[in-house]
Amino acid sequence: MIIGIGVDIVKVSRFTRWLGNKKLTARFFHENELDILSRGSESALQSLAVRFAAKEAFGKALGCGLRGLQLRDICVVPDIQGRPRLELSGTAKKLLDESGANRVHISLTHESEYAVAYVVLERINL
């Protein structure tokens, strides 16, 4: 059963000033995601933007937006095949558990100007 769906789009250039601001990035990104900043290139900017879009899409799928959600409690990581998945802790894990969902599906895409994330929360009977 589908519990929630969220989508978000961000303009990649919005994150240009974030690359040099460690205080700002630490507020919104999990420490494991901050490694992408060392790339210091267009790909780092796109990766940062698409991860932010994923966090916002997750909040929309929950139905709470960003209320009560610490974005650094969401970490976008690749699985063994390279597909993105969300690792949740703290507020993100708590809100997911409260939603009744037990599976998160995510799709990400980006190009030079925009980054888009799509999240589906599902409850499956185990």
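Draft legend 1. Expanded view of the overall build of the chain. Helix and strand counts for the chain come out as 3 helices and 5 strands. Scanning the chain from its N terminus toward the C terminus, one meets helices and strands in the order β-α-α-β-β-α-β-β. The C-alpha atoms of the chain give 14 Å as radius of gyration, which agrees with the globular expectation for 126 residues (14 Å, within 12%). For the chain, with 126 residues in total, the buried portion stands at 42%. The contacts of the chain with a sequence gap of at least 6 include a subset with a gap of at least 24, amounting to 58%. As displayed, the chain has an accessible area near 7,000 Å², and 51% of this comes from carbon and sulfur atoms.

Draft legend 2. Region of interest: the confidence of the model for the chain. Across the chain, pLDDT averages 91, with 95% of residues at or above 70. Ranking the helices and strands of the chain by mean pLDDT puts strand E5 (residues 114-122) first, with 98, and helix H1 (residues 22-28) last, with 86.

Draft legend 3. Molecular detail of helix H3 (residues 90-99). Among all positions in H3, only Ala92, Leu95 and Leu96 are buried. Take H3 and look down its axis: the buried residues cluster within an arc of 100 degrees, on one side only. In H3, the exposed residues that point more than 90 degrees away from the buried face are Lys94 and Glu98. Gly100 sits one or two positions beyond H3 and adopts a positive phi of about 90 degrees.

Draft legend 4. Just the environment of Leu24, in detail. Relative to the helices and strands, Leu24 is located in helix H1. Overall, the relative accessible area of 15% leaves Leu24 in the buried class. As for Leu24 and Ala49, which are separated by 25 residues in sequence, their C-alpha atoms are 13 Å apart.

Draft legend 5. Geometry of the environment of Arg103. Here Arg103 shows up in strand E4 (residues 103-110). In this structure Arg103 comes out as partly exposed when scored by relative accessible area, which is 38%. In this structure, the C-alpha to C-alpha distance between Arg103 and Ile3, residues 100 residues apart in sequence, is 9.6 Å. Contacts of Arg103, omitting those with residues within four sequence positions, involve Val120, Leu121, Glu122 and Ile124.

Draft legend 6. Geometry of the packing of aromatic side chains. Counted according to the given criterion, the structure contains 7 aromatic pairs. Residues Phe15 and Phe52 carry aromatic rings whose centres are separated by 5.4 Å and whose planes lie at 55 degrees to one another, so their mutual orientation is tilted. In this pair, Phe15 sits in the loop between strand E1 (2-11) and H1 while Phe52 sits in helix H2 (residues 42-62), placing the two residues 37 residues apart along the sequence. This pair shows no difference in class: Phe15 is buried, exactly as Phe52 is. Here the aromatic rings of Phe28 and Phe52 are separated by 5.9 Å at their centres, their planes lie at 80 degrees, and the arrangement is edge-to-face. With Phe28 in helix H1 and Phe52 in helix H2, this pair connects stretches of sequence that are 24 residues apart. Phe52 gets classed as buried once you look at its relative accessible area, which sits at 3%. An aromatic cluster is present here, built from Phe15, Trp18, Phe28, Phe29 and Phe52 joined pairwise through their rings.

Quick notes on the rules
- Residues numbered from 1 in each chain as written.
- Predicted model: local features only at pLDDT ≥ 70, side-chain atom pairs only at ≥ 80, totals over all residues.
- Heavy atoms only, no water.
- Helix = DSSP H or I, 4+ residues; strand = E, 2+ residues; numbered from the N terminus.
- Rg over C-alpha atoms; globule rule 2.2 N^0.38 Å.
- Buried < 20%, exposed > 50% of the residue type's maximum accessible area, 1.4 Å probe, protein only.
- Contact = heavy atoms within 4.5 Å.
- Areas by Shrake-Rupley, 256 points an atom, 1.4 Å probe, with all protein chains shown as cover.
- pLDDT = per-residue confidence, 0-100.
- Arc of directions from axis to C-beta.
- Phe/Tyr/Trp six-rings, centres within 6.5 Å; stacked < 30°, edge-to-face > 60°.

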